[in-house]
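Descriptive analysis of the structure
Each chain is listed here by its residues.
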Amino acid sequence: MRRRLSSARLITIGFAAVILAGALLLMLPIASRGPGHASFADTLFTSTSAVCVTGLIVQDTGTYWTAFGQAVIIALIQIGGLGVVTMAMSIFIVSGRRIGLMQRSFMQDSISAPQVGGIIRLTGFILKGTAIIEGIGAAVMAPTFIREFGVGKGIWYAVFHSISAFCNAGFDLMGVHQKYSSITEFVSNPAISITIALLIIVGGIGFIVWNDVVKHKWHLKQYRLQSKVALSTTAFLIVIPTLYFFFFQPQALPKAEGAKWMAAFFQAVTPRTAGFNSVDLTRFNDTGVSVLTILQLIGGSPGSTAGGMKTTTFAVMLAEALSVFAQSGNVHFFGRNIPEDTVRRAGAILMMYITLFLVGGFIISSVDHIPMLTCLFETASAIGTVGLTLGITPHLSLVSRTVLVLLMYFGRVGGLTIFFALSSGPKIYHSRLPKEDLTVG
């Protein structure tokens with residue numbers, strides 16, 4: 001049994017088990033306000049969204065769930081953000097249990113580590129770094145929330161939003177101002193907007209990048225190739241959309257110059273799997289919504305708290321296209337060639353995401369009779385584990401919600417991971433079929 005339980009199967013089953021446990025806990029009468037208990041359909045959707053660090057909701061987090069329910073949600077977010085295997089490994093480390101090679105291999109696959117060696121040290125580094133970063137984020141936001149909600153509630157709000165932002169989850173408690181309003185009340189407040197944006201970036205660049213930054217500081221040439229590609233692609237995907245939103249989507253942003261830049265920066269950061277919004281997304285025109293949709297599909301970096309097809313996948317596909325245009329014959333970054341197998345995997349991931357994104361949009365549009373662009377925005381948000389919405393999720397039918405649940409799970413666990421978990425293993429062929437050329441393009 002242990003031999004048959006591959007890393008892919010363990011990750012797939014682990015996430016499903018945590019989602020089910022969270023749904024059952026949220027069904028307890030003490031988890032929600034009002035008489036009775038929440039329906040299983042609502043709790044399953046909420047638990048999936050929390051564990052898959054998405055942020056799409058069918059009930060407002062701040063007003064529908066009690067303190068117990070909110071605590072369950074934030075615990076699910078922390079587990080989902082760091083990964084089920086990482087949390088299990090942390091328990092092993094704290095309890096002093098011996099960690100074998102198989103567990104170390106599972107951990108390597110879970111966080112996309114380059115090698116098994118040093119995986120325990122890296123796990124400890126991740127846990128300590130997470131606690132420190134989330135603590136700093138909460139400390140910066142606490143004074144603002146304390147002034148508005150009082151000491152106890154203010155500290156809870158600071159901790160909740162710091163964990164949610166770092167884990168790229170997008171859950172918020174701001175429904176006390178207006179339901180489903182996210183952090184629009186704080187669009188001009190740098191202590192909230194900038195802090196949450198920075199937490200999103202740090203959580204989404206990947207644990208391997210953290211290790212390189214701490215180990216090599218500003219000596220960028222000593223970074224791993226993955227770190228260089230992740231950082232450069234992340235910077236590109238923040239700077240260009242920020243400029244675009246500032247100059248071409250002014251109707252959706254505040255009028256004041258400083259607040260306008262802050263809002264443009266925030267909206268460039270949050271679509272890549274974070275799910276917070278500091279402005280009303282329905283004020284973006286169709287082009288702006290399309291840009292947000294593309295950013296949602298790309299997501300964060302491998303081995304991070306973020307979802308999506310990943311920045312490295314996007315970079316590899318872009319480099320592959322450029323190599324074809326230039327007729328150079330190979331894909332390379334920073335003086336290093338990328339293996340053909342990696343390019344093929346990136347192409348497979350891209351096709352899976354695009355296919356599921358489109359099919360999900362078609363189903364929701366057909367079932368609920370909603371404009372296609374709006375549905376595609378929602379499916380991109382789900383499969384990219386983002387959590388941004390144009391306001392339709394709470395009003396969708398059970399069929400459409402089920403589609404979003406499946407897309408969220410697929411997006412967090414990973415398309416290839418699920419397919420590898422379902423497969424019987426790599427197929428080895430001792431003979432090859434004859435080749436014949438095919439015209440494309």
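Keep in mind it's a predicted model, so treat the numbers as computed, not measured.

1. Digging into the overall build of the chain
Secondary structure summary: the chain contains 18 helices and two strands in total. Among the 441 residues that make up the chain, the fraction classed as buried is 54%. Of all intrachain contacts in the chain linking residues separated by at least 6 positions in sequence, the fraction that spans at least 24 positions is 68%. Total accessible area on the chain stands at roughly 20,500 Å², and carbon and sulfur atoms take up 66% of it.

2. A look at the environment of Thr-385
Topologically, Thr-385 is positioned in the loop between helix H16 (372-383) and helix H17 (398-413). Using a relative accessible area of 0% as the deciding quantity, one classes Thr-385 as buried. Between the C-alpha atoms of Thr-385 and Ala-274, which are 111 residues apart in sequence, the distance is 7.8 Å. In contact with Thr-385, other than residues within four places in its own chain, are Cys-52, Val-53, Thr-54, Asn-168, Thr-273, Ala-306, Gly-307, Gly-308, Met-408, Gly-411 and Arg-412.

3. A word on the UniProt feature "transmembrane region" (unreviewed entry) in the chain
On the UniProt side, "transmembrane region" (unreviewed entry) is annotated at positions that read residues 71-94, 154-171, 191-209, 229-247, 314-334, 346-364, 370-391 and 403-422 here. Taken end to end, residues 154-171 comprises 72% helix and 0% strand; its first and last C-alpha atoms sit 16 Å apart. Between the C-alpha atoms that bound residues 229-247 the distance is 27 Å, and the span itself is 100% helix and 0% strand.

4. Overview of a nonpolar patch on the surface
Together, Phe-236, Val-239, Ile-240, Leu-243, Phe-247, Phe-248 and Trp-261 make up a nonpolar patch on the protein surface, roughly 690 Å² of accessible area in all. Looking at which element gives the most residues to the nonpolar patch, the answer is helix H11 (residues 225-248), with six residues. Its location among the elements puts Phe-247 in helix H11.

5. A short note on the packing of helix H9 (residues 190-204) against helix H12 (residues 257-269)
Interhelical geometry of H9 versus H12 gives an angle of 25° and a closest axis separation of 10 Å. The pairing of H9 with H12 is recorded here as roughly parallel in orientation. Crossing handedness for the pair H9 and H12: left-handed. Of the residues in H12, those in contact with Pro-190, Ser-193, Ile-194, Ile-196, Ala-197, Ile-200 and Ile-201 of H9 are Met-262, Phe-265, Phe-266 and Val-269. Here the residues of the contact of H9 with H12 sort into ten nonpolar, one polar and no charged.

6. Quick word on the nonpolar core
If you look at the biggest cluster of nonpolar residues, it comprises 83 residues, and the most contacted ones within it are Ile-73, Ile-77, Phe-145, Phe-171, Ile-183 and Ile-196. Here this core gets nine residues from one element, more than from any other, and that element is helix H7 (residues 119-149). Setting aside residues up to four positions removed in sequence, Phe-145 forms contacts with Gly-150, Gly-154, Tyr-157, Ala-158, His-161, Met-174, Phe-186 and Ile-192.

7. Topic: unusual backbone geometry
At Tyr-180, a position not held by glycine, the phi torsion is positive, near 60°. With phi around 55°, His-369 is a residue other than glycine that occupies positive phi space. Tracing the chain through its elements places His-369 in the loop between helix H15 (340-368) and H16.

8. Observations regarding helix H4 (residues 67-82)
With 16 residues, H4 should cover 22 Å at 1.5 Å per step; its first-to-last C-alpha distance of 23 Å lies within 8% of that length. Along H4, the positions that sit buried rather than exposed are Gly-69, Gln-70, Val-72, Ile-73, Ile-74, Leu-76, Ile-77, Gln-78, Gly-80, Gly-81 and Leu-82. Within two residues after H4, Gly-83 carries a phi angle of roughly 105°, on the positive side.

9. Examining the packing of aromatic side chains
Evaluation of the coordinates by the stated rule reveals 16 aromatic pairs. Here the aromatic rings of Phe-166 and Trp-210 are separated by 5.7 Å at their centres, their planes lie at 45°, and the arrangement is tilted. On the criterion of sequence distance, the pair formed by Phe-166 in helix H8 (residues 151-166) and Trp-210 in helix H10 (residues 207-216) is long-range, its members being 44 residues apart. By relative accessible area, Trp-210 is classed as buried at 7%. Considering the side-chain rings of Tyr-353 and Phe-410, the 6.0 Å spacing of their centres and the 70° angle between planes classify their relative orientation as edge-to-face. Here Phe-410 lies in helix H17 and Tyr-353 lies in helix H15, a separation of 57 residues in the sequence. With respect to burial, Tyr-353 and Phe-410 carry one shared label: buried.

10. Observations regarding the pattern of salt bridges
Within the structure shown, the criterion is met by two salt bridges. Ionic pairing is found between Arg-401 and Asp-42, a salt bridge with its closest N-O pair at 3.0 Å. A residue pair is termed long-range when its members are at least 10 positions apart, and Arg-401 in helix H17 and Asp-42 in helix H2 (residues 40-51) qualify at 359 residues. With respect to burial, Arg-401 and Asp-42 carry one shared label: buried.

Thresholds applied
Residues numbered from 1 in each chain as written. Predicted model: local features only at pLDDT ≥ 70, side-chain atom pairs only at ≥ 80, totals over all residues. Heavy atoms only, no water. Helix = DSSP H or I, 4+ residues; strand = E, 2+ residues; numbered from the N terminus. Buried < 20%, exposed > 50% of the residue type's maximum accessible area, 1.4 Å probe, protein only. Contact = heavy atoms within 4.5 Å. Areas by Shrake-Rupley, 256 points an atom, 1.4 Å probe, with all protein chains shown as cover. UniProt positions renumbered as here; feature names shortened; annotations may be inferred. Patch = residues over 30% accessible without salt bridge, like charges linked within 9 Å, V, L, I, M, F, W, Y side chains within 5 Å. Salt bridge = Lys/Arg side-chain N within 4 Å of Asp/Glu carboxyl O. Axes fitted to C-alpha atoms, helices over the stretch in contact; angles between N-to-C directions. Parallel < 35°, antiparallel > 145°, perpendicular 65-115°, else oblique. Left-handed = near helix turned anticlockwise from the far one by under 90°. Nonpolar A, V, L, I, M, F, W, Y, C, P; charged D, E, K, R; others polar. Core = buried A, V, L, I, M, F, W, Y, C linked by side-chain atoms within 4.5 Å. Expected span 1.5 Å × (residues − 1). Phe/Tyr/Trp six-rings, centres within 6.5 Å; stacked < 30°, edge-to-face > 60°.

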